[in-house]
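# Structure at a glance
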Amino acid sequence: MQVQIPEFVTLTGNQTSLTIALGRQAPQIIYWGQRLSSKTSESMLTKLRIRQEVPASPTREAKRSLTTTTGEGFSGSPGIKLSGNADEWAVVPKVTDVNQSTPHSLVISNIDETRNIEIKHNISIDPDSDVLSFSTSVINRGTDALNLEWCTAATLPIPAHISQILGFEGHWAGEFHEQHSEQFFGTYLRENRRGRTSHDCFPGLIMHAPSCDQQQGEAYGFHLGWSGNHRLLAEKMADGRAFVQLGELLLPGELTLSVGESYDSPKLYATYSTKGLSGVSRHFHRYVRSQIIKFDVKQKPRPVHYNTWEGIYFDHDVDTLKGLADRASELGVERFVLDDGWFIGRNDDTAGLGDWYVDESVYPDGLHPVVAHVNKLGMEFGLWVEPEMVNPDSNLFRAHPDWILSTKPNEDVGFRNQLVLDLTRSEVFDYLFERLDSLLTEYNIGYLKWDMNRDINQQGDQYGKPAIHRQTHAFYNLLAKLKDAHPNVEIESCSSGGARADYGVLQHTDRVWTSDSNDALERLKIQKGFSYFFPAELMGSHVGPRDCHITHRHLTMSMRASVALFGHMGMEMDLRELTDQEKVELKAMVNLYKKHRQLVHSGELYRLQLPDYANGFGIVAEDKTEALFSYSLIRGHTASLPDQMRFAGLDKETIYQMDIIWPIKSGDHWPKESIFSFKTNLPLLDGQHFTGEALMQLGKQLPRLAPNSSLLYYLHKVG
Ligand code: GLA
């Protein structure tokens, strides 16, 4: 008996509808956009989509189905590429079953009965955030093995007026840069073969209408939750139809499906907003907060960090560390993180990775004295590790030179003196678990900074097969096993800064080290890019040294601290070098962070539309009773005063008190050496009351600021 298949299925969020046509065809999204009322029927949508005749074209249009197929005659990029002994490459699965277990999730099963290949689409919507998630599975139901080359998590159609592409690219110490382009006939394609999420090719994309800005207009956001190789494309076909595909990039021979075996694509997260680019971000943040993040910021506010890296690098010494801990605690630090340099032979970056034993020549009593000292000061202790790596100069490598990924006999390209362990070998996995588990058992460690400091250039396993698919899953499994054994330990995902930031790794981790650049000016761009997909509580942001170690730019404490406030704040410098004035300012910012972190870590982000000499945004409480706004002047402007700053996201009728909370005042006034180049009239506004509509529709005049300085405003409802 044939199962009854509905003609259509619709998923509805608070603001979005997604309608898929089924029948016994390949499933196809026929509508995705602003929520439709019940008056609109699916048959209306179908009629409006009737294709008009085109000369010299196919008489029947091959669809932009969830998995587009060459076998069906689709001439755009296929959603699946596979081959077998016969004509499996021409697979055309048709819907055989639809299982809608809740109103918000469904599984669509499809089979190509001739070729015995099954495809399953898992689709769900989180109604509250309007974020959809898609993944696709391929199951080999035949009698011979299949080689899988590509399987997109979904093919998502893009309306013709959504012609602008916002991509994210970058480099070490300069991640998440926005890259704008216009869609064209052909394919916008980004492929990442670095074996990690990468600095240069973030697996995310926003497509929007030309008139869309930060505050208003239509935009679609896409992100692949995967920490290995990936591929994303936005394509416009010659007939004007456009679509987006994101999925895992598989190397030749990487994935063979034996009889009965299946492949599950990583998840693609997608959302639609009419509230501009900030609207897309607010959807993603809401989703991540309710569906991905495991910690509870209310129960345990994100602690202020001190990280030793830019303070002492590899120069470890127990007394120095205790002294740093004393200073950190005086400044209000709540978690002390011991970075690279604590394990055997690790005096610089040429040796030691793999030997996860405390170096007794530096720490004769193990880490106990340092951990005890840190704990006695009331701080949590955190530790840096880089488990997936090995230095050739290490006991581990000398004992097991074959435990690495390679393409032997090809020469390794060389990367920070280290090689990558093959986590798909059970002995490697077990060794790493044993080492980490025993460190976490022996010491009172609340936090691991888990690093990964090289690309995986040579991606072959011991049998010579490409291994990143399995390596990435093994990495996730190792994290999951450790979390199971030590549920209270938080883990940070670091990869030479921000090269492993994605919703895949965040299923197992609690923070991202956004970038190795602590230069506050660079950070404004980096943190803005990061904020498209991730909320502030996941974003590691530290106050760095006065002269940035990477760019050598000199920035005031006032500027550095104000930029660090808007993430998961910390500090990373040699605390012995702070001047008295810097200590006062840093401590004041730590106090501000503690006062406002609930708001920063639960509020909604509104980026301001400002000229490019400035950067501004606000975080507004969900109930709109309070908000924090930041305005930074990046460089000089042509007019003698900067343009008006118009606030956003407030309640129009609410009366807010405006407190200008940064830079710090001495008494009622800002000191001379503060950030104002000239006399300022700001005191006339400080503490005054305004309606939300006046703040948003008129905005405020800004004083002439010294370039590279920030003003912070705290708005709170009066009465
Ligand atoms: C990477 C990290 C840094 C630091 C060093 C240590 O570069 O991003 O924060 O931990 O490794 O080697």
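To keep things clear, this report deals only with the structure shown in the data block. (Residues numbered from 1 in each chain as written. Predicted model: local features only at pLDDT ≥ 70, side-chain atom pairs only at ≥ 80, totals over all residues. Heavy atoms only, no water.)

### Thoughts on the overall build of the protein
Across its full length, the protein holds 12 helices and 35 strands. By the compact-globule yardstick of 27 Å for 719 residues, the protein fits well, its C-alpha radius of gyration being 27 Å. Each of the 719 residues in the protein was classed as buried or not, and the buried ones make up 60%. Intrachain contacts of the protein at a sequence separation of at least 6 include 70% that bridge at least 24 residues. (Helix = DSSP H or I, 4+ residues; strand = E, 2+ residues; numbered from the N terminus. Rg over C-alpha atoms; globule rule 2.2 N^0.38 Å. Buried < 20%, exposed > 50% of the residue type's maximum accessible area, 1.4 Å probe, protein only. Contact = heavy atoms within 4.5 Å.)

### Some details on the pairing of strand β16 (residues 242-248)
Across the 7 residues of β16, 7 count as buried, placing the element largely inside the fold. Across 5 bridges, the pairing between strand β9 (residues 146-158) and β16 is antiparallel. Paired with I158 across the bridge in β16 is A242. Relative to β16, strand β15 (residues 230-236) runs antiparallel, the two sharing 7 bridges. (Pairing = 2+ DSSP bridges.)

### Overview of the packing of aromatic side chains
The full count for this structure, using the stated rule, is 32 aromatic pairs. Measuring from ring centre to ring centre gives 6.2 Å for F168 and F202, while their planes differ by 85 degrees; the resulting arrangement is edge-to-face. Taken together, the positions of F168 in strand β10 (residues 164-171) and F202 in the loop between β12 (186-192) and β13 (204-208) put the pair 34 residues apart, joining distant regions of the chain. Note on F168: relative accessible area 1%, which makes it buried. Using a relative accessible area of 4% as the deciding quantity, one classes F202 as buried. Look at F343 and W356: their rings are 4.4 Å apart centre to centre, the planes differ by 50 degrees, and that puts the pair in the tilted class. (Phe/Tyr/Trp six-rings, centres within 6.5 Å; stacked < 30°, edge-to-face > 60°.)

### Points about the sheet that holds strand β1 (residues 8-12)
Here we have 3 strands laid out as an open sheet, ordered β1-β2-β3, and antiparallel in their pairing. At either margin of the open sheet sits one strand with a lone partner, and together these are β1 and β3 (28-34). If you compare each strand with its neighbour and ignore which way they point, the axes differ by 15 degrees on average. Where β1 meets strand β2 (residues 16-21), 5 bridges bridge the pair, whose relative direction is antiparallel. Among the inter-strand pairings, F8 is bridged to a residue of β2, identified as A21. (Axes fitted to C-alpha atoms, helices over the stretch in contact; angles between N-to-C directions.)

### Considering the site of the ligand
Near the ligand you find 13 residues, and of these D339, D340, K449, D451 and D516 are the closest. Here W384 contributes a side-chain N or O atom positioned 3.0 Å from an oxygen atom of the ligand. Between an oxygen atom of the ligand and a side-chain N or O atom of K449, the distance comes to 2.7 Å. Considered on its own, the ligand offers 310 Å² of accessible surface; in the complex 96% of this is hidden by protein. Grouping the amino acids of the shell around the ligand by side-chain chemistry returns 4 nonpolar, 3 polar and 6 charged. (Near = heavy atom within 4 Å. Polar contact = N/O pair within 3.5 Å; in protein donor to acceptor, adjacent residues only side chain to side chain. Areas by Shrake-Rupley, 256 points an atom, 1.4 Å probe, with all protein chains shown as cover. Nonpolar A, V, L, I, M, F, W, Y, C, P; charged D, E, K, R; others polar.)

### Structural notes on the sheet that holds strand β35 (residues 709-717)
Pairing between the strands of a sheet comes from backbone hydrogen bonds, and it takes one of two forms, parallel or antiparallel. Strand order in the open sheet made by the 6 strands is β30-β31-β32-β35-β33-β34, with antiparallel pairing throughout. In this open sheet, the two edge strands, each paired with only one partner strand, are β30 (604-607) and β34 (688-691). Averaged over neighbouring strand pairs, the angle between their axes works out to 25 degrees when direction is ignored. Pairing geometry for strand β33 (residues 655-662) and β35, over 6 bridges, is antiparallel. Bridge pairing in β35 places W662 opposite L712. Running over the sheet, helix α9 (residues 520-531) touches β30, β31 (614-620) and β32 (626-633) and is turned about 125 degrees from β30. Of the strands in this sheet, β32, β33 and β35 are in contact with helix α10 (residues 557-564), which crosses β35 at around 45 degrees.

### Focus: α10
Of all 8 residues that make up α10, 8 are buried, and the element is covered over most of its length. Among the residues making up α10, those that are buried are M557, S558, M559, R560, A561, S562, V563 and A564.

### Some details on the nonpolar core
One broad rule of soluble globular proteins: the nonpolar side chains tend to lie buried together. Counting residues in each nonpolar core, the largest one holds 160 residues, and the members touching the most others are W32, F134, F222, W342, L367, F381 and M571. In terms of nonpolar packing, the next biggest core, distinct from the first, is built from 28 residues, Y606, Y631, I675 and L711 among them. (Core = buried A, V, L, I, M, F, W, Y, C linked by side-chain atoms within 4.5 Å.)

### Thoughts on the pattern of salt bridges
Side-chain pairs of opposite charge can arise where the charged atoms are in close proximity. Inspection of the entire model under this criterion finds 45 salt bridges. Across the pair R289 and E537 runs a salt bridge whose closest N-O atoms are separated by 2.7 Å. Taken as a pair, R289 in helix α2 (residues 276-292) and E537 in the loop between α9 and β28 (539-543) lie far apart in primary sequence, 248 residues in all. Overall, the relative accessible area of 2% leaves E537 in the buried class. Between E334 and R597 there is a salt bridge, with the nearest N and O atoms lying 2.9 Å from each other. (Salt bridge = Lys/Arg side-chain N within 4 Å of Asp/Glu carboxyl O.)

### Focus: the pairing of β2
In the case of a regular strand, side chains alternate between the two sheet surfaces. Most of β2 sits out of view: 6 of its 6 residues are buried. On β2, burial covers both faces: T16, L18 and I20 on one face and S17, T19 and A21 on the other are all buried. Here β2 folds back onto β3 in antiparallel fashion, the turn holding 6 residues, of which G23 has a positive phi close to 55 degrees.

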